[in-house]
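Here's the letter readout for the chains.
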Amino acid sequence: MKLLSIVGTASIRFFTLFAITSSTLSAEVQRLKPDEFQLFKIVAADPGQLRRKMSLEPILCKVARERAADMDRRHYFSHTNPSGFGPNRLVRRAGFFLLPYYDQSKSGNNIESLALSFGGPADAFSDWKGSDAHRTHLLGINPFYRTQTAIGVGIVHSDYNYYVFLSASKNTNKNPPMVILKDPAGNIISSTR
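Colleague: Looking at this structure, how should I read the packing of helix α2 (residues 34-45) against helix α5 (residues 121-129)?
Modeller: Any two packed helices are characterised by the angle at which their axes cross and by the distance between the axes. Relative to each other, α2 and α5 sit at 40 degrees, their axes nearing to 9 Å. Our classification of the angle between α2 and α5 gives oblique. As for the relative orientation of α2 and α5, their crossing is right-handed in sense. Counting all contacts with α2, which are made through Asp-35, Gln-38, Leu-39, Ile-42 and Val-43, the residues of α5 involved are Pro-121, Ala-122, Phe-125 and Trp-128. Classifying every residue of the contact of α2 with α5 by side-chain character gives 7 nonpolar, 1 polar and 1 charged.

Colleague: What should I look at first to understand the packing of aromatic side chains in this one?
Modeller: Remark: the centre distance and the inter-plane angle together describe each pair of aromatic rings, the angle taken between the planes. The full count for this structure, using the stated rule, is 6 aromatic pairs. On the basis of an interplanar angle of 20 degrees and a centroid distance of 5.4 Å, the ring pair of Tyr-101 and Tyr-102 is categorised as stacked. Taken together, the ring pairs in this structure connect Tyr-101, Tyr-102, Phe-144 and Tyr-145 into an aromatic cluster. Here the basic side chain of Arg-93 rests over the ring of Phe-85, its NZ or CZ set 4.0 Å away from the ring centre.

Colleague: When you look at the sheet that holds strand β6 (residues 179-182) in this model, what are you seeing that I'm missing?
Modeller: Backbone-to-backbone hydrogen bonds join strands into a sheet, with any given pair of strands oriented parallel or antiparallel. As summarised here, the arrangement of the 3 strands in space is β1-β6-β7, forming an open sheet in which the pairing is mixed. Of all the strands in the sheet, just β1 (28-31) and β7 (188-191) have a single pairing partner and so form its edges. Here the average twist between neighbouring strands, direction ignored, is 25 degrees. Where β6 and β7 come together, 3 bridges link them in antiparallel fashion. Following the sheet pairing, Ile-180 is matched in β7 by Ser-191. Its contacts with the sheet place helix α3 (residues 58-74) against β1, β6 and β7, and it is angled at close to 70 degrees to β1.

Rules behind the numbers
- Residues numbered from 1 in each chain as written.
- Predicted model: local features only at pLDDT ≥ 70, side-chain atom pairs only at ≥ 80, totals over all residues.
- Heavy atoms only, no water.
- Axes fitted to C-alpha atoms, helices over the stretch in contact; angles between N-to-C directions.
- Helix = DSSP H or I, 4+ residues; strand = E, 2+ residues; numbered from the N terminus.
- Parallel < 35°, antiparallel > 145°, perpendicular 65-115°, else oblique.
- Left-handed = near helix turned anticlockwise from the far one by under 90°.
- Contact = heavy atoms within 4.5 Å.
- Nonpolar A, V, L, I, M, F, W, Y, C, P; charged D, E, K, R; others polar.
- Phe/Tyr/Trp six-rings, centres within 6.5 Å; stacked < 30°, edge-to-face > 60°.
- Lys NZ or Arg CZ within 6 Å of the ring centre and 35° of its normal.
- Pairing = 2+ DSSP bridges.

Shown next as structure tokens:
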């Protein structure tokens, strides 16, 4: 009888370990580049930052990098891509659901700041701070942006450097796709589940 208990427990432990390993294998892994991580730190540490807490969100980071790559690949610089889609729609398509009062239109944007620069993350942030609208977004100066504590950053280097900063309230999707976000050293920062 004792042997069956031990074997039964071992089987349950094996099954649990197998289930965890299987879900990890099926997850998409996003790894931040050093300059993306640096951009997040610069924005979060600015003395004018009014958000009490900011956290990197895997789906938002994925979409931010995809946005930067798309602008580079298709040679445009706009909150609306050549297909007519804005960032609100793009994050929803990726599995990050915004609250109902966010702009629901095809080209809606309540979450994105863009920069096109020859310089590094500090230069892009400096450019953003020179614009009232971008400074308000990045530093959470008004109450709407202050509640946007889920953050995504994406950078693509090409002839120019494309910088994308996304911020939103918590994902309302109860069953988001499994995405794991790692820092540049490969350590897990967060995951969607």
